[in-house]
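Structural characterization, general
Listed here are the chains, written in short residue letters.
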Amino acid sequence: MKHWNSLRPFTPLEQRWLMVLCGAFVVIWAALLGSRLAIPMSETFGDDASYYNAAAIHLAQENFYSIDGVTATMEREPGQSFFLSIIYRAFGMENRLAIFVVQMLLHVLATLFFIRELRQAAPRGASVVTTGFLLLMPSIFHILFSAYRESITLTLGLFFAGLMLSMHARPTWWKSIVLGLLLSGLILTFIPYLFLPAVLVVVILATRLIPRRMLIPVILLPVMAVSLWAYRNSLYTGELTIIGSNRTATTLLRRANQAKTFRLQDPLLCLWVEYISRVRTQASPYCDVDIHSADGGPAVEERILRESKATILQHLPNYLWQSLFYALELHFPFVNGWGLLYNLLEAAVWMLLLIGCITSLRSVWKREYLLFIAIILYTTALSAAIQAVPRYHMGWFFCYAVLAGVGYSKLWTWLRRKKRG
């Protein structure tokens, strides 16, 4: 594969469209800021965000990664809390304005960097469409005005993918080192990326995105980072632990209960209740996340893990059938967040995105797009096997945006040719 022309500039028309999209993003973000600051603090720092926030406070004040300030935590990756702690040190504890502004600035910078590098590989016009989805997708604003990990995960992913494309055109060792650091940050922010380096080895060897010898820092640095994190945990547990077992045991307990009790139609009924009817009595009680608990200490968690794995293996066909619906759920619009208008807008734009992705299927099976396809397939398979909610796809949303950009670019070219013919 020939090197992409790293100096190929945007056309004047593309530049104007990029300016319009950036302007629209800033206007919408500014219009939403007041309402997002007006909501109660408990809503911003509720659910999973409460854990990230509590740990960030202790990191900022005591340099101690802990939820309660007494016990070291390892149930959640440290990346999001570390990110929040930096903001808290600079701007004050639980400063939502600072969180929202920093996340917005990082997202814009990461998007523009990524688009600049994508421009060298994607067909004409695809980069503008990709930018439109990355800046104007309703769910993008949702994660930017939150304290969840999806915003920083997406930012790191954009920088990583952009630098990977840059490496193909202008390979240097310092870029390889930065790629390794970015991948380390991704894994320690979103632990399902733990096995992504192995996938990247296959992708890089197949596509020659970067020279093989420069793979060393990309793989070695994440291994070192995860090892140091596991060693830190071993100081408290007595054994190497990458992530705490409570959430894993709870998740596997849920999958085991569902595999053992679900009828053929129950996975579909669970989705119907969760996203349409909201009437819990219409589906199995095992659809409910809250009834599955592995609390009781390490010994109980180990027993639940062991028993859940055995139950899943005993009911493997039902488990695989259910996994197909988890894969489907992962690709639902990220709704039920800001009310009906948001839900309608997100669903409509998500449908436009999927249409673009489907349209691209004949064009994207090329080496230059394998990176994005591999990330989608990896995360879909992993989420289907364990747990999936639509919010999770926001961390690698840029992959879908690229495919949609290619799809609409090809569709526009085909329509123009047809009109001329």
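Overview of the structure.

1. Brief notes about the pattern of salt bridges
Summed over all chains, the structure comprises nine salt bridges. The closest approach of N and O atoms between glutamate 150 and arginine 391, which form a salt bridge, is 3.2 Å. Residue glutamate 150 is located in helix H8 (residues 150-169), and its partner arginine 391 is located in the loop between helix H17 (370-385) and helix H18 (397-420); the two are separated by 241 residues in the primary sequence. Taken individually, glutamate 150 and arginine 391 each receive the classification buried, so the pair is uniform in this respect. In this structure, the salt-bridge partner of arginine 263 is aspartate 266, at a minimum N-O distance of 2.9 Å. The exposure class of aspartate 266 is buried, given its relative accessible area of 2%. Taken together, the shared-partner salt bridges connect Asp48, Arg76, Glu150 and Arg391 into one network.

2. Some remarks on the packing of aromatic side chains
A full pass over the atoms with the stated rule returns 17 aromatic pairs. The rings of Trp29, Phe100, Phe145, Trp338 and Tyr342 are connected pair by pair, giving a single aromatic cluster. Above the plane of the ring of tyrosine 51 lies arginine 76, whose end atom (NZ or CZ) is 4.2 Å from the centre. Directly above the aromatic system of tyrosine 392 lies the positively charged group of arginine 149, at a separation of 5.9 Å from the ring centroid.

3. Comments concerning the state of the cysteines
In the structure shown here, the tally under the stated rule is one disulfide. In this model cysteine 270 forms its disulfide with cysteine 287; the gap between the sulfur atoms is 1.7 Å. The S-S bond linking cysteine 270 to cysteine 287 shows a torsion near -70°; that makes this disulfide left-handed. Taken together, the residues cysteine 270 in helix H13 (residues 266-277) and cysteine 287 in the loop between H13 and helix H14 (298-314) connect sequence positions 17 residues apart. Accessibility classification places cysteine 270 together with cysteine 287 in one group, the buried group. The thiol sulfur of cysteine 399 is not disulfide-bonded, and the nearest other cysteine sulfur, from cysteine 357, lies at 9.9 Å.

4. Focus on a nonpolar patch on the surface
A contiguous nonpolar surface patch, about 500 Å² in accessible area, is contributed by Tyr231, Leu235, Tyr236 and Leu240. In this structure, tyrosine 231 sits in helix H11 (residues 215-237). For tyrosine 231, a relative accessible area of 48% gives the class partly exposed.

So, how was this worked out
- Residues numbered from 1 in each chain as written.
- Predicted model: local features only at pLDDT ≥ 70, side-chain atom pairs only at ≥ 80, totals over all residues.
- Heavy atoms only, no water.
- Salt bridge = Lys/Arg side-chain N within 4 Å of Asp/Glu carboxyl O.
- Helix = DSSP H or I, 4+ residues; strand = E, 2+ residues; numbered from the N terminus.
- Buried < 20%, exposed > 50% of the residue type's maximum accessible area, 1.4 Å probe, protein only.
- Phe/Tyr/Trp six-rings, centres within 6.5 Å; stacked < 30°, edge-to-face > 60°.
- Lys NZ or Arg CZ within 6 Å of the ring centre and 35° of its normal.
- Disulfide = S-S within 2.5 Å.
- Patch = residues over 30% accessible without salt bridge, like charges linked within 9 Å, V, L, I, M, F, W, Y side chains within 5 Å.
- Areas by Shrake-Rupley, 256 points an atom, 1.4 Å probe, with all protein chains shown as cover.

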